Amino acid sequence: VDREQMVQEFIKSLPEDVQKCVGALNELDDETSELEAKFRFELRELERKYEGLQAPVYEKRFLLVCGETKPEGADTTQGVPGFWLGAMKNCSVIASNITEKDEVILNCLTDIKAETLSESEGIGFRLFFHFKENEFFSNDVLKKTYFMADTGEDPVLEKAEGDEITWAAGKNVTVKIKKKTQRNKNGKGTRTVTKTEPCESFFNFFSPPKIPTAEDDEGAEDDELLQMELQADYEMGVAFQERLVPHAIKWFTGEAEDDEDEDDMYEDEEEFEEEEEDEEDEPDMGGRG
């Protein structure tokens, strides 16, 4: 029995006048839902407004980081080398996805931006990763977009899309190349077989896992693994949007507090021991005689 049918059966079990009250209350609840949807719409409008106001500030940051302008009192315009990589490595949800091979490429980052999607596109946000010219790929900007469902509850991810990376030959860090020598069954000669296998890389971020449809037949174990991948991907996207982009300098210097639980900094050396009460030490709760 599905939930809707259970609800209808419960309502029918109520006295007739109570059923009418329930119907009127449901109408009021619909009005509340409409107001909540309007609130979410106006909140997105407000987010877009302030993104426009923040844009000139972020442009000044970009120019300082890249060394195109110099701060007051400085003699040179060196900028801040490795700024964005340094900020990313100080945010654990992002840093855990960065490999040594990735670092060389991420040092080519010149800017990271985020924007709330227009209402015509849908609900969600888009990230922009700007790169200077490099030997690894030809893209100067890589985009990642998250599309969300309009719900009053916790955000529900509908899908995520990333740009396809145009890798230079032999520079794709998201795969590893394996070579295997095979001998001819007739004993005459050998051949080398090359195959590629996916490997860990930050740049897998631009090839997000696909959300399964109702027609997809996933096993319970595969489904659980997919949910974990989707959650990790979304958390990393939100970390860029809500933490790194607005306050990149705090992450670069390490001043920003990471979201990792402080409990992770400590390890239990032993199990908790049950504390025994000493009856003789119990305070006397009685009055004076």
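Described in the following lines is the structure provided in the data block. Along each chain, residue indices are assigned from 1 in the same order as the chain's sequence is written. Residue-level local features of this predicted model are given only where pLDDT is at least 70; pairs of side-chain atoms are given and counted only at 80 or more, and the full residue set underlies all totals for whole chains, interfaces and linings. Derived side-chain values reflect all non-hydrogen atoms in the structure, with water molecules and hydrogen atoms excluded from consideration.

### Looking at the sheet that holds strand S2 (residues 123–131)
Where we set the bar: Any two strands are treated as partners once DSSP identifies two or more bridges connecting them. Going along the chain from the N terminus, every DSSP run of H or I of four or more residues is numbered as a helix, and every run of E of two or more is numbered as a strand. Angles run from 0 to 180 degrees between N-to-C directions of axes, and those axes are lines fitted to C-alpha atoms, restricted for helices to the stretch in contact. Residues count as neighbours in contact if any of their non-hydrogen atoms are within 4.5 Å of one another.
One open sheet holds the four strands; their spatial order is S1-S2-S3-S4, and the pairing between them is antiparallel. Whereas interior strands pair on both sides, the edge strands pair on one side only; in this sheet they are strand S1 (109–116) and strand S4 (156–162). The sheet shows a mean angle of 15° between the axes of neighbouring strands, direction not considered. Pairing between S2 and strand S3 (residues 141–149): eight bridges, direction antiparallel. From the neighbouring strand, Leu 127 faces S3, where its bridge partner is Lys 144. Helix-sheet contacts for helix H2 (residues 16–66) involve S1 and S2, and the interaxial angle to S1 is about 175°.

### Points about H2
The condition that has to hold: Expected span of a helix, by definition, is 1.5 Å for each gap between consecutive residues, and there is one gap fewer than residues. Two axes enter the bend calculation: one fitted to the seven residues ending at the residue in question, the other to the seven starting there, and the bend is the angle between them. A 1.4 Å probe rolled over the protein chains alone gives each residue an accessible area, and that area as a share of the maximum for its type sets the label: buried under 20%, exposed over 50%, partly exposed in between.
Helix length check: H2, at 51 residues, gives a terminal C-alpha distance of 72 Å against a target of 75 Å (1.5 Å per residue), a fit within 8%. Its maximal kink placed at Gln 54, H2 deviates by approximately 35°, while the proline Pro 56 follows within four residues. When we look at burial in H2, the residues that qualify are Arg 40, Arg 44, Arg 48, Tyr 58, Arg 61, Phe 62 and Val 65.

### Some words on the pattern of salt bridges
Opposite charge on two side chains allows them to pair when their charged atoms are near. We apply this condition: Here, a salt bridge means any side-chain nitrogen of Lys or Arg that lies within 4 Å of a carboxyl oxygen of Asp or Glu.
Overall, the coordinates contain 16 salt bridges when judged by the stated rule. A salt bridge links Lys 89 to Glu 103; the nearest nitrogen and oxygen atoms lie 3.2 Å apart. Note that Lys 89 is positioned in helix H3 (residues 83–89) and Glu 103 in helix H5 (residues 100–106), a separation of 14 residues in sequence. Accessibility expressed as a relative area gives 24% for Glu 103, which makes it partly exposed. Between Glu 121 and Arg 126 there is a salt bridge, with its nearest N and O atoms 2.7 Å apart. Take Glu 121: its relative accessible area is 38%, and that puts it in the partly exposed class.

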